[in-house]
Structures are given as structure tokens and as C-alpha cells.
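One letter stands for each residue in the lines below.
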Amino acid sequence: MTVMNRANRTNDDQKASSSEGEGVLRVTSGRVLVSEWIKLRSLRSSIWCLVVIMVALVGGSAFSAVGLLVRLDPPAAEALAADPTGGAFAGAGLAQLAAIALGVLVVTGEYRSKTIRPSVTAVPSRLPLVWCKAVVAAAGSMAASLIASVLALIVASAVVATQGLSISPFTPEVARSLVGTALALGVTAALATGFGWLLRNTAGAVFSLFALLYLVPSFMALLPQVVAAKVVPFLPSNAVAAMTQVTPGAGALPAWAGLTVYLGYAVVALIAAGRVLKRHDV
């Protein structure tokens, strides 16, 4: 009888343990992704970065439009109609800086607020944190920039219409440039998360990416022309230009190759970030 009672108690304990186990949510990539999306929406810094991306793109287009109207320069209007990236997307540079800030702050903000430890504790494998932060930063940047790019084209179209010209977003080159701008800003945000993980410092990560995108191309002028011709097209800034410009310069990569190269930079940074996060304490 005693043996039967013990067996019954053992079965009851096993059922209770099983019930408790069923109540615990398993960590999956989908749940980590949802969690990171909630974080992104909850942070004022992230919202402001997305607002700056949109304002930069639309404002840059409006600024160029006002310049054309003030100067009443028909050749300039014709140039804008032929290649809208020269005016409609004039704010892309500032938008890129905002995308860098967004990607970096998504990571370094947790280090600054000391919430990185609970995040790592909740996701002990750590790698899903790296990729999910990159995905939500990229998705937010792409969505904001795609909407803003369409609005920027509308503004540019309204300006050149005063000179009897038009810009159609449905022409293959303009459509590619519009989508390429959104993709470039999305990849920039993902790349910035990688730098955020590697440096764990907002100022350091932002400056490093700024140097990679804006300063390194300037130093390439010091290289012999034969070497520069082979290296320069594969720099991040020129890969972005291949994606975003309607008429890329001589020697530029095709748009799809530019996207591949730029994605390669982001993937390498994220792989390095994952290795560092797994090997070192937070």
C-alpha cells in the first residue's frame, strides 16, 4: 500500500512538473523578433531617427524644389527630370546618418541603460539577438524611407511640372532608384547594429561608420589609378551609389552587384558581432 502511495505521488509530481514546463514559453527566433520590434517602437530615440529619415528625404526634395523655383532654371529642371536622384533624393545623405544612428542606438542603448543583461539572460544563445535587432532596424528604416521617397518624388514632380516636364516613378530607372534608396538605408541600419555590437559605444560606432562611408573614399584618391579603379567600386559608398542613382558614373557596379556588395559588408559585421557577443561577457 505504501509503495502504491509513493508511486501515485511520483506520478502526481511528474504531472505537476510537466504542467509547469508547458506554461514556460520556449525562446524562438520569432518571439525574439517580436520582442525586438516592441523595443524599437517603444524607444523615443528610434522613433526620432525614423522621423529624421523621412524628413530628410522629403525636406531635401523640397529644398531642391524651392531652389529651382527661385532660380527659374529650366536646364536644372530638365536635369532633375532626367535624373531625379540629383534633387528628389537630395536628402539621402542625411537620411543615411539617421539610419546609422538608429542601428547603433538599437544596440548601444541597451548597454547604456544596463538592460542588455536581461536581454542576454532571456536569449542565452545570444545570436538571435544580433540578427533580430538587425532585421527590425532594417525593416523600420526601409519602410520609413520607402514612404518618404515616394513623397519626395511627388514633390520633385510638382516642381518640374512648372517647366512642362514630368517625372514618372514607374519608369524602370526611377523605380529602381526609389527601391534602391530604401534598400540602401535598410542595409545601413543593419550594418550599424553590427558596429554597435562590436564597439558597444554610441559615439565610437557612429564615427567608425561615418569614416567608412564618407572618409575612406576620400583617401582612395591617394592610391595609384590602376589600384583605385579596381578597389573604389567595391567601397560601401559606391555600392550605395550603384543602387540609388539613375545614371551611375563610369566604372560603377550594376545595381544588383552594388546591393550584393553592401549586404556583404553588413553580413560580415553581423557575423563578427555574433562571435564577439558569444565569446565575451556583456
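What comes next is a walk through the structure. (Residues numbered from 1 in each chain as written. Predicted model: local features only at pLDDT ≥ 70, side-chain atom pairs only at ≥ 80, totals over all residues. Heavy atoms only, no water.)

1. Structural notes on the overall build of the protein
Item 1. Across its full length, the protein holds 12 helices and 0 strands.
Item 2. When the 282 residues of the protein are sorted by exposure, 41% land in the buried category.
Item 3. Within the protein, contacts between residues separated by at least 24 positions form 80% of all contacts whose residues are at least 6 apart in sequence.
Item 4. Summing over all exposed atoms, the protein offers an accessible surface of approximately 14800 Å²; the carbon and sulfur share of this is 69%. (Helix = DSSP H or I, 4+ residues; strand = E, 2+ residues; numbered from the N terminus. Buried < 20%, exposed > 50% of the residue type's maximum accessible area, 1.4 Å probe, protein only. Contact = heavy atoms within 4.5 Å. Areas by Shrake-Rupley, 256 points an atom, 1.4 Å probe, with all protein chains shown as cover.)

2. Quick look at the packing of helix α8 (residues 172–199) against helix α9 (residues 202–219)
Item 1. Viewed as axis vectors pointing N to C, α8 and α9 meet at an angle of 130°, and their least axial separation amounts to 9 Å. Here α9 runs oblique to α8, going by the angle between their axes. When you trace α8 past α9, the crossing you get is right-handed. Contact with α8, carried on its side by Leu191, Ala192, Phe195, Gly196 and Leu199, involves Gly204, Ala205, Ser208, Leu209 and Leu212 of α9 and no other residues of that element.
Item 2. Looking at side-chain class alone, the contact of α8 with α9 contains 7 nonpolar, 3 polar and no charged residues. (Axes fitted to C-alpha atoms, helices over the stretch in contact; angles between N-to-C directions. Parallel < 35°, antiparallel > 145°, perpendicular 65-115°, else oblique. Left-handed = near helix turned anticlockwise from the far one by under 90°. Nonpolar A, V, L, I, M, F, W, Y, C, P; charged D, E, K, R; others polar.)

3. What about a nonpolar patch on the surface?
Item 1. Together, Val52, Leu94, Leu97, Phe207, Phe210, Leu215, Phe219 and Leu222 make up an exposed nonpolar region whose accessible area comes to about 760 Å².
Item 2. With 4 residues, the top contributor of residues to the nonpolar patch is α9.
Item 3. The topology assignment puts phenylalanine 219 in helix α9.
Item 4. The exposure class of phenylalanine 219 is exposed, given its relative accessible area of 54%. (Patch = residues over 30% accessible without salt bridge, like charges linked within 9 Å, V, L, I, M, F, W, Y side chains within 5 Å. Salt bridge = Lys/Arg side-chain N within 4 Å of Asp/Glu carboxyl O.)

4. Notes on the environment of isoleucine 47
Item 1. Position of isoleucine 47 among the secondary structure elements: in helix α3 (residues 44–71).
Item 2. On the basis of relative accessible area, isoleucine 47 is assigned to the partly exposed category, the value being 38%.
Item 3. In the structure, isoleucine 47 is positioned 93 residues away from glycine 140 in sequence and 9.4 Å away in space, judged by C-alpha atoms.
Item 4. With sequence-adjacent residues up to four places away left out, isoleucine 47 is seen in contact with Leu40 and Arg41.

5. Examining the side chain of serine 46
Item 1. Mapping serine 46 onto the fold places it in helix α3.
Item 2. Since its relative accessible area comes to 1%, serine 46 is described here as buried.
Item 3. Once residues lying within four places of it in the same chain are set aside, the contact partners of serine 46 are Leu40, Leu102 and Val106.

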